[in-house]
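Remarks on the overall topology
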Amino acid sequence: MTPDFEAQLRAVSLRVTRPRLAVLSALRDHPHVDTDAVIDLVRADHPTVSHQAVYDVLRALTDAGLIRRIQPAGATARYESRVADNHHHVVCRSCGAIADVECAAGHAPCLTASDDHGFVIDEAEVVYWGVCPDCATSTKPTESASSEGTR
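Since the structure is predicted, the reported quantities are computational estimates derived from the model, not experimental observations. (Residues numbered from 1 in each chain as written. Predicted model: local features only at pLDDT ≥ 70, side-chain atom pairs only at ≥ 80, totals over all residues. Heavy atoms only, no water.)

**Some points on the overall build of the chain**
Helix and strand content of the chain: five helices and six strands. By the burial criterion, 30% of the 151 residues in the chain qualify as buried. Considering only residue pairs separated by 6 or more positions, the chain has 43% of its internal contacts joining residues 24 or more positions apart. Only carbon and sulfur atoms are counted for the fraction: they give 51% of the accessible area of the chain, which is about 9500 Å². (Helix = DSSP H or I, 4+ residues; strand = E, 2+ residues; numbered from the N terminus. Buried < 20%, exposed > 50% of the residue type's maximum accessible area, 1.4 Å probe, protein only. Contact = heavy atoms within 4.5 Å. Areas by Shrake-Rupley, 256 points an atom, 1.4 Å probe, with all protein chains shown as cover.)

Take a look at the structure:
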């Protein structure tokens, strides 16, 4: 997969470096991770890569459009390598897990604004909120136990 990453970097006029390749690989294998997780993933294979280098790589790759920075309300910034499509996200209110959701309907921007105020809209950012299956399962016994105690 490294040759693909090398080609992606060259296509946006970025030098091919080990930290850039490591970040792209980490995000391919672990989407929706925060900066600390990216640092840990990169340093697992490249222990000499500094925190600042990872921050710089994340910024450069985001600016170049090779990765996407997402930050749901009240959450830390997360990164993903899925770009160039207009997908959305679902976020667990309990544990913060994030998953991709395909475009709401049709092609980008998926939604039609009721009044575009003259803007040429090319993207709609949608975040769905709820409780993930793991959290929903783990809270059900507690909910029924607490409701039984109030009878």
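Following the structure, the description resumes.
**A look at unusual backbone geometry**
At Ser13, a position not held by glycine, the phi torsion is positive, near 60°. Mapped onto the elements of the fold, Ser13 is located in the loop between helix 1 (2-11) and helix 2 (18-29). Of note in this structure, Ala84 is not a glycine but carries a positive phi near 70°. If you trace the backbone, Ala84 turns up in the loop between strand 3 (78-80) and strand 4 (88-92). Given a relative accessible area of 86%, Ala84 falls into the exposed group.

**Comments concerning the confidence of the model for the chain**
Of the residues in the chain, 84% have a pLDDT of 70 or more, and the chain-wide mean is 86. For residues 142-151, every residue scores under 50 in pLDDT, and the model assigns this stretch zero contacts once sequence neighbours within four places are set aside. (pLDDT = per-residue confidence, 0-100.)

**Some details on helix 2**
Along an α-helix, a turn takes 3.6 residues, which lines up residues three or four apart on a common side. A rise of 1.5 Å per residue sets the reference length of helix 2, with its 12 residues, at 16 Å; its end C-alpha atoms lie 16 Å apart and thus fit the reference within 8%. Residues Arg20, Leu21, Ala22, Val23, Leu24, Ala26 and Leu27 constitute the buried set of helix 2. (Expected span 1.5 Å × (residues − 1).)

**Considerations on the packing of helix 2 against helix 4 (residues 51-63)**
Across the interface, helix 2 lies against helix 4 with an axial gap of 10 Å and an inter-helix angle of 70°. In terms of axis orientation, helix 2 runs roughly perpendicular to helix 4. Contacts between helix 2 and helix 4 involve Pro19, Arg20, Val23, Leu24 and Leu27 from the first element and Val54, Val57, Leu58, Ala60 and Leu61 from the second. For the contact of helix 2 with helix 4, a count of residues per class yields nine nonpolar, no polar and one charged. (Axes fitted to C-alpha atoms, helices over the stretch in contact; angles between N-to-C directions. Parallel < 35°, antiparallel > 145°, perpendicular 65-115°, else oblique. Nonpolar A, V, L, I, M, F, W, Y, C, P; charged D, E, K, R; others polar.)

**With respect to the packing of helix 2 against helix 3 (residues 35-45)**
It is at 9 Å that the axes of helix 2 and helix 3 come closest, and there the two elements cross at 115°. In terms of crossing hand, the pair formed by helix 2 and helix 3 is right-handed. Across the interface between the two elements, Ala22, Val23, Ala26 and Leu27 from helix 2 touch Val38, Leu41 and Val42 from helix 3. Per-class residue counts for the contact of helix 2 with helix 3 are seven nonpolar, no polar and no charged. (Left-handed = near helix turned anticlockwise from the far one by under 90°.)

**A word on the sheet that holds strand 1 (residues 33-34)**
In spatial order, the strands read 1-3-2; together these three strands make up an open sheet with antiparallel pairing. The outermost strands of the open sheet, each flanked by one partner alone, are strand 1 and strand 2 (68-70). The sheet contact formed by strand 2 and strand 3 spans three bridges and is antiparallel. Its bridge partner lying in strand 3, Arg68 is registered against Glu80. (Pairing = 2+ DSSP bridges.)

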